[in-house]
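What the coordinates show
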Amino acid sequence: MRKPIIAGNWKLNKLTADSKAFIEELGTGLKNIDKDALPEVVVAPTFTSLALVGSMMAECDCQKVSLSAQNCYWEQSGAYTGEVSVEMLEDIGCSFIIIGHSERRQYFCETDEMINKKAKAILAGGLIPIICCGESLEQREAGETDAHIASQIKAAIEGLSAADVAKSAIAYEPIWAIGTGKTCDSVEANRVIAMIRNVVKEAVGAEAADAVRILYGGSVKPETIEEQMAQSDIDGALIGGASLKADSFFSIIEKTAAHMAK
Ligand code: PGA
C-alpha cells in the first residue's frame, strides 16, 4: 500500500508571520487525528519561512507534518551565489524538495538535465524529491502529452537506482490546470499517471513502479480531492492555491484520511 501524500506548495507567498499563523491553525486541526490515520502531510514554504516552520514542527503537533523546500541546488557548497544546498535544507528540517515545477522550467530555465542533477543530490542527501512533470495546452491539443511526459520522467530519473526511484515522489501537473481553476478530469489524470508508472517500470523495474508515489496537481480543491483519491493510480496531490489557507488545506487532508480509512 502506498501512503498518500498531500503536499502544499506555497510558491511565492506568505511572510514569516503568515507562515507561523498557518502552522498554528493547521496544528490545531491535526491535534485530534492519529498520525497513522493521516496521509503524509507536506508543506513547502518559501526559503525565508523554512527555518521557522521547521522549528515549529519540531515542537508542536505539527510533527505530523513534513517540511519541503520548493527548490535546491545540486552542489553541496562553494561559489554559487544565491543557491541553497540539500544539506542546508536537511539541516533546518526538510525531508522533501520539489523539483522541476513547470514555473521553474518556464521562468527560471530549469532543464531536464538540471532536474536530474537535483534528484541525484536530494537522494544522496537522504531527502525525497517531488519530481514535477506536465504538458502545456498546445502539447495536449497536438496529442503530444504522453510522449512529452514520458521524456520528462525518463530524463529526471536517468541514472537513479530502483531503490532511489521507489523512495521518490512524482507529481503530474498539466500546466493548463495550474492556478486556472480547470482541473484535469480525474480519469484522464489517472490514465497519465498509470502511463508514468509504466515508464518507471520500463526504466527501473516493477517493484519501484509499484512503490513510487505519483501525485496529481493542478487546481486541486476540497471539492475535487475525493474523486481524485478514488482513482487507482493517484497517490495524493500537490496543491498550490488551495494550500494557502489552513482550512481548505486541512479539509483536503481530512478527506484523504477518510478515503484511506475505507
Ligand atoms: P494550483 O497549483 O493548485 O494553484 O493549481 C498547483 C501547483 O502548481 O503545484
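Okay, so let's go over this structure. (Residues numbered from 1 in each chain as written. Predicted model: local features only at pLDDT ≥ 70, side-chain atom pairs only at ≥ 80, totals over all residues. Heavy atoms only, no water.)

**Considerations on the site of the ligand**
- Neighbouring the ligand are 13 residues, the closest being Lys-11, His-101, Glu-173, Gly-179 and Ser-219.
- Ser-219 is positioned with one of its backbone polar atoms (N or O) 2.7 Å from an oxygen atom of the ligand.
- In this structure, Gly-240 approaches the ligand through a main-chain N or O atom, which is 2.8 Å from an oxygen atom.
- For the ligand, whose free accessible area comes to 280 Å², the fraction covered by protein is 95%.
- With respect to the pocket detection grid, the ligand is positioned in the second largest pocket. (Near = heavy atom within 4 Å. Polar contact = N/O pair within 3.5 Å; in protein donor to acceptor, adjacent residues only side chain to side chain. Areas by Shrake-Rupley, 256 points an atom, 1.4 Å probe, with all protein chains shown as cover. 1 Å grid on protein atoms, 1.4 Å probe; cavity = no way out; pocket = protein on both sides within 12 Å on 5 of 7 lines; lining within 4 Å. Sits in = over half its atoms within 2 Å of the grid points.)

**Notes on the sheet that holds strand β4 (residues 94-99)**
- Spatial ordering of the closed barrel is given by β1-β2-β3-β4-β5-β6-β7-β8, a layout of 8 strands whose pairing is parallel. Going across the sheet, the axis of each strand differs from the next one's by a mean of 25°, ignoring polarity.
- Taken together, the 4 bridges between strand β5 (residues 128-133) and strand β6 (residues 169-172) define a ladder with parallel strand orientation. Note that in β6 the partner of Cys-132 across the bridge is Ala-171.
- Where helix α5 (residues 112-124) meets the sheet, it contacts β4 and β5, and its direction lies at approximately 170° from that of β4. (Pairing = 2+ DSSP bridges. Helix = DSSP H or I, 4+ residues; strand = E, 2+ residues; numbered from the N terminus. Axes fitted to C-alpha atoms, helices over the stretch in contact; angles between N-to-C directions. Contact = heavy atoms within 4.5 Å.)

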